[in-house]
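So the chains spell out like this:
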Amino acid sequence: MSSIAFIGLGNMGAPMALNLVKAGHSLTVFDLVPAAVKALTDAGAKAAASAAEAVQGAEVVISMLPASKHVEGLYLDGDLLGKISSSALVIECSTIAPDSARKVAQAAEARGVAMIDAPVSGGTGGAAAGTLTFIVGGQAAALERARPILEKMGKNIFHAGPAGAGQVAKICNNMLLGILMAGTSEALALGVANGLDPKVLSDIIAKSSGRNWATELYNPWPGVMDHAPASKGYAGGFGVDLMLKDLGLAAEAALSARASIPLGELARNLYSLHSAGGSGRLDFSSIVNLLKREPD
Ligand code: NAD
């Protein structure tokens, strides 16, 4: 069993870390929010007073932070890389810009520390169930070292290519997810405005050609799926502002490769509008509220 430092215990990091504790690993955890740390120490993890303290003596360092600035801030500006043992392996799971992932990986390599980018798909439900998909960028040998740990948190592990490639693949996936959630919301809102029951319509779509991850597992209409954020006031889950970040990363990737992403750009503008209306911290499936027709 490995001694693991886990940094970032939010909606995703907490259930991922919990699965590692359950698997018998020795975890030292850190988050800026004390309540997030307490949930893990209650389950048997050790608390660290800082990220630097967490990585002392760790064989594996895992981070699950919001965005590029947090990851660069931690590893580069905060010089966490300088405090990690050169025999340790760093598994960076946040969804960030491919350039940021490459920059941090190069800095790690310069210090002799092995690092992979390993963003995930599967949502908070997948994180809790240990069925995440890991999309890895970096050297194959580092992925093989990480594999036994990743297998305790996920079911599917893909090697997308060299450093940063995991992020590119993840960004493509999330652009499609953003489009599908907005499209599913639009279809449900149209049906309901025309007198259909949202549950009946959702059941029909889930068994028809319009089915997708949202209709199968993450329905945006309140009351259709008890476990979905839509039925819990859009609390927890995957924040609108995090989806907006990912659609911004898709837009940057499109600009740099001169690729066209008309639907991705439209989705980015929809989530941006929704965030500007004060919904940035709600789950991204709340985009349905932008499209719903209120009763006359
Ligand atoms: P979150 O906002 O719930 O959690 C992020 C955590 O990081 C917070 O607890 C915050 O306090 C902590 N943090 C920030 N800076 C820190 C620092 N310097 N040191 C220690 N802790 C710090 O976000 P989340 O939903 O858990 O998402 C994390 C990442 O995973 C994001 O990049 C997101 O895009 C990605 N992701 C999220 C989901 C999802 O369904 N929520 C799914 C797949 C991928």
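Residues numbered from 1 in each chain as written. Predicted model: local features only at pLDDT ≥ 70, side-chain atom pairs only at ≥ 80, totals over all residues. Heavy atoms only, no water.

So, the layout of surface pockets
Space inside the largest pocket adds up to approximately 1300 Å³. Taken together, 45 residues form the lining of the largest pocket, with Gly 10, Asn 11, Leu 65, Pro 66 and Leu 242 sitting closest to its centre. Of all the secondary structure elements, the ones that give two or more residues to the lining of the largest pocket are helix H4 (68-77), strand E7 (120-121), helix H6 (123-129), helix H8 (165-193) and helix H11 (240-257). A domain split of the lining of the largest pocket shows at least three residues from each of domain 1 (3-161) and domain 2 (168-290). For the second largest pocket, the calculated volume is near 330 Å³. Looking at the second largest pocket, it is lined by 22 residues, and the ones nearest its centre are Gly 122, Gly 123, Thr 124, Gly 125 and Gly 126. Residue assignment for the lining of the second largest pocket shows that the elements contributing at least two residues are H6, strand E8 (132-137), strand E9 (154-161) and helix H10 (213-217). With 5 residues, the single largest contributor to the lining of the second largest pocket is H6. The class makeup of the residues in the lining of the second largest pocket is 8 nonpolar, 12 polar and 2 charged. Among the domains, domain 1 (3-161) and domain 2 (168-290) are the pair contributing at least three residues each to the lining of the second largest pocket. (1 Å grid on protein atoms, 1.4 Å probe; cavity = no way out; pocket = protein on both sides within 12 Å on 5 of 7 lines; lining within 4 Å. Points joined across faces, edges and corners; volume = space filled by probe spheres on them. Helix = DSSP H or I, 4+ residues; strand = E, 2+ residues; numbered from the N terminus. Domains from an automatic or database assignment. Nonpolar A, V, L, I, M, F, W, Y, C, P; charged D, E, K, R; others polar.)

Observations concerning the pattern of salt bridges
Counted by the stated rule, this structure contains 9 salt bridges. Two residues, Arg 102 and Asp 99, come together in a salt bridge whose shortest N-O distance is 2.7 Å. Taken together, the residues span about one helical turn, with Arg 102 and Asp 99 both in helix H5 (residues 98-110) at a distance of 3 residues. Measuring nitrogen to oxygen at the nearest pair gives 3.1 Å for the salt bridge that ties Asp 246 to Lys 245. (Salt bridge = Lys/Arg side-chain N within 4 Å of Asp/Glu carboxyl O.)

Examining the domain arrangement of the protein chain
Many structure descriptions define interface size as the accessible area lost when the parts assemble. Domain boundaries in the protein chain define domain 1 (3-161) and domain 2 (168-290). Each of domain 1 and domain 2 has a C-alpha centre, and the two are 27 Å apart. Contact with domain 1, which involves 15 residues of that partner, is made by 13 residues of domain 2. When the buried surface of domain 1 facing domain 2 is broken down by residue, Thr 95, Pro 98 and Ile 135 rank first, second and third, together holding 37% of it. Scanning the region where domain 1 abuts domain 2 turns up 0 salt bridges. Remark: the boundary between domain 1 and domain 2 carries 4 residue pairs in polar contact (both at pLDDT 80 or more). When contributions to the side of domain 1 that touches domain 2 are tallied by element, the ones reaching two or more residues are H5 and E7. Across the side of domain 1 that touches domain 2, the residue classes tally to 9 nonpolar, 5 polar and 1 charged. (Contact = heavy atoms within 4.5 Å. Buried area = accessible area lost by both parts, 1.4 Å probe. Polar contact = N/O pair within 3.5 Å; in protein donor to acceptor, adjacent residues only side chain to side chain.)

Some remarks on helix H2 (residues 34-41)
Of all the positions in H2, only Ala 36, Val 37 and Leu 40 are classed as buried. An end-on view of H2 places all buried positions within 100° of arc, on one side of the element. What points out from H2, more than 90 degrees from its buried face, is the exposed set Pro 34 and Ala 35. Buried residues along H2 sit in contact with helix H1 (13-22), strand E2 (26-30) and strand E3 (46-47). (Buried < 20%, exposed > 50% of the residue type's maximum accessible area, 1.4 Å probe, protein only. Arc of directions from axis to C-beta.)

A closer look at helix H7 (residues 140-150)
When H7 is considered as a whole, its buried residues turn out to be Ala 142, Leu 143, Ala 146, Ile 149 and Leu 150. Mapping the buried residues of H7 onto a view down its axis gives an arc of 105°, with all of them on the same face.

Thoughts on the UniProt feature "active site" (unreviewed entry) in the protein chain
In this structure's numbering, the residues bearing the UniProt feature "active site" (unreviewed entry) are Lys 170. Structurally, Lys 170 is set in helix H8. Its relative accessible area of 6% is what places Lys 170 among the buried residues. Lys 170 has contacts with Thr 95, Pro 119, Val 120, Ser 121 and Ile 135, leaving out every residue within four places of it along the chain. (UniProt positions renumbered as here; feature names shortened; annotations may be inferred.)

Digging into empty space enclosed by the protein
In this structure the tally under the stated criterion is 1 cavity of 30 Å³ or more. In this structure, the largest cavity encloses a volume near 50 Å³. Taken together, Val 71, Glu 92, Ile 96, Ala 101, Val 104, Ala 105, Met 115, Ile 116 and Asp 117 make up the full set of residues lining the largest cavity. Among the elements of the structure, H5 and strand E6 (114-117) are those that each provide at least two residues to the lining of the largest cavity.

Quick notes on the packing of aromatic side chains
This structure, assessed with the given rule, holds 3 aromatic pairs. The interplanar angle of 45° and the centroid separation of 5.6 Å between the aromatic rings of Tyr 218 and Phe 284 together place this pair among those described as tilted. Of this pair, Tyr 218 sits in the loop between H10 and H11 while Phe 284 is found in the loop between helix H12 (262-279) and helix H13 (288-291), placing the two residues 66 residues apart along the sequence. Of the two residues, Tyr 218 and Phe 284, both sit in the buried class. Taking the centre distance of 5.4 Å and the plane angle of 70° together, the rings of Phe 238 and Phe 284 count as edge-to-face. (Phe/Tyr/Trp six-rings, centres within 6.5 Å; stacked < 30°, edge-to-face > 60°.)

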